[in-house]
Amino acid sequence: MKFRVERDALAEAVAWTARALPPRPAVPVLAGLLLETEGSSLTVSGFDYEVSTQVSTEVHASTAGRVLVSGRLLADITKSLPPHPVDVTAEGPKVTIVCGSARFTLPTMPVEDYPTLPSLPSAIGNIESEEFAHAVAQVAVAAGRDDTLPMLTGVRLEIDGDRITLAATDRYRLATRELPWKPEVEGLSQAVLIPAKTLEATAKTLTGGPQVTLALPSGGAGDGIIGFSGGAPRSAGAASRRTTTRLLDAEFPRYQSLWPKEFSGQAEMPVAPLVDAVKRVALMADRGTPVRLEFADGGVTLSAGGDDEGRAEEQLEVAFDSAPMVIAFNPTFLLDGLGALAAEVATLSFTTPIKPAVLTAKDSPVDYRYLIMPLRLPG
């Protein structure tokens, strides 16, 4: 195998594909990246039995072939190359990379032991890439991190006609986002559970093109994988990216009933000053202890700590004209929700100090809601 490729195109392709390589692979070949040339196309692939990644880009190939090399090492090399065309040659057990005056020789891995990547399922529709990445980030913040509860570590993707709903919860907060998309089949209705970390990383790296294509088998969740494809950044030339991930085989909680049906009060709060105040006051909140928000006419007092261990307190002007209310939250969860809003003014709606409160962005066309469970105050 022998080909010449632009440095940036190769570095982009290798870096994107290598991002999903397992840090501790079950078998050594899973630490490798597969390089294949056919015609004027180079395909770089990675797979760990859960997630597959693949990039195709144009090259000047002299000889077709396929070779397997260490993914991490190749990524380190390609990103450090000088800005010149790169010549790659595979002969026997070695791969040679020449770029300008730099020359590297890498040992190959047994390509015959490398597993076959799963095929990309059938495309079912397209979604605007930037909006999809933003929506996934907003929702994934509420996903659980405990792998012993797999149903809470995923993002539920629900398709209902021309609308997609994303949802995630870790039992202490719940985030949902609804957004439009363009299905290829009218009346499509499906729901799958995707690992949150994988979905967030995938959506973030498929924003180079205007759209992301979603792909699901005709059998839906029962077939076990979902695929995404899209364009790469302009610096990667004509590269295209595709990835598949195994779905979570778990029952997502019935979250719709968790939303309060009515509220006893609302507060409209400037997000940036509130975030800064929560961060300052939380310095006096021991691990697992809350930040208290005491709402009164026209203002809120934030506080944490106590008389014995030290105390922090700060006041902010907010729009509030309901009955006085004291409610307390985990400061990290509160900050996560405020950060996900991407808004200048947040609306906090609540019923009682012990029932769920809901954060939304004021006057925003984006259908995003963040439910957060209060913490009980002593006494």
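Residues numbered from 1 in each chain as written. Predicted model: local features only at pLDDT ≥ 70, side-chain atom pairs only at ≥ 80, totals over all residues. Heavy atoms only, no water.

Within this structure, the stated rule accounts for 13 salt bridges. Glu-12 is the salt-bridge partner of Arg-241, the closest N and O atoms lying 3.4 Å from each other. Separated by 229 residues along the polypeptide, Arg-241 in strand 18 (residues 240–246) and Glu-12 in helix 1 (residues 7–18) bring together distant segments of the chain. For Glu-12, a relative accessible area of 24% gives the class partly exposed. In this structure, Arg-311 engages Glu-313 in a salt bridge whose closest nitrogen and oxygen atoms are separated by 3.3 Å. A network of salt bridges, in which partner residues are shared, links Asp-170, Arg-173 and Asp-336. (Salt bridge = Lys/Arg side-chain N within 4 Å of Asp/Glu carboxyl O. Helix = DSSP H or I, 4+ residues; strand = E, 2+ residues; numbered from the N terminus. Buried < 20%, exposed > 50% of the residue type's maximum accessible area, 1.4 Å probe, protein only.)

Moving on: the packing of helix 3 (residues 129–140) against helix 4 (residues 196–204). Relative orientation of the contacting elements helix 3 and helix 4 amounts to 155°, with a least axis distance of 8 Å. Looking at the two axes, helix 3 sits roughly antiparallel to helix 4. Crossing angle aside, the handedness with which helix 3 passes helix 4 is left-handed. Seen from helix 3, the contacting residues are Phe-132, Ala-133, Val-136, Ala-137 and Ala-140; seen from helix 4, they are Ala-196, Leu-199, Glu-200, Ala-203 and Lys-204. Tallied by class, residues from the contact of helix 3 with helix 4 come to eight nonpolar, no polar and two charged. (Axes fitted to C-alpha atoms, helices over the stretch in contact; angles between N-to-C directions. Parallel < 35°, antiparallel > 145°, perpendicular 65-115°, else oblique. Left-handed = near helix turned anticlockwise from the far one by under 90°. Contact = heavy atoms within 4.5 Å. Nonpolar A, V, L, I, M, F, W, Y, C, P; charged D, E, K, R; others polar.)

Looking at the protein, the pLDDT average stands at 92 and 96% of residues meet or exceed 70. Within the protein, the element-level pLDDT minimum falls on strand 5 (residues 60–63), averaging 90, and the maximum on strand 12 (residues 163–169), averaging 98. (pLDDT = per-residue confidence, 0-100.)

Core analysis: the biggest nonpolar cluster contains 99 residues, and Leu-35, Phe-295 and Leu-302 have the highest contact counts within it. Dropping the residues within four chain positions of it, Phe-295 is found in contact with Ala-267, Met-269, Val-300, Val-318, Phe-320, Pro-324, Met-325, Ile-327, Leu-348 and Phe-350. (Core = buried A, V, L, I, M, F, W, Y, C linked by side-chain atoms within 4.5 Å.)

We now examine the packing of aromatic side chains. Applying the stated criterion across every chain, the model contains seven aromatic pairs. Here Phe-320 and Phe-350 contribute two aromatic rings whose centre-to-centre distance is 6.1 Å and whose plane-to-plane angle is 35°, an arrangement assigned as tilted. You can see Phe-320 sitting in strand 23 (residues 319–320) and its partner Phe-350 sitting in strand 25 (residues 345–350), a full 30 residues away along the chain. Neither residue differs from the other here; Phe-320 and Phe-350 are each classed as buried. (Phe/Tyr/Trp six-rings, centres within 6.5 Å; stacked < 30°, edge-to-face > 60°.)

With antiparallel pairing, four strands are arranged side by side in an open sheet as 22-21-20-24. Only two strands of the sheet have a single partner each, and these edge strands are strand 22 (310–317) and strand 24 (325–329). Pairs of neighbouring strands in the sheet enclose a mean axial angle of 20°, with direction left out of account. Examined bridge by bridge, strand 20 (residues 291–296) and strand 21 (residues 299–306) share five bridges and lie antiparallel to one another. Within strand 21, the position partnered with Ala-296 by the bridge is Gly-299. Against the sheet, helix 5 (residues 271–281) contacts strand 20, strand 21 and strand 22, and its axis sits at roughly 170° relative to strand 22. (Pairing = 2+ DSSP bridges.)

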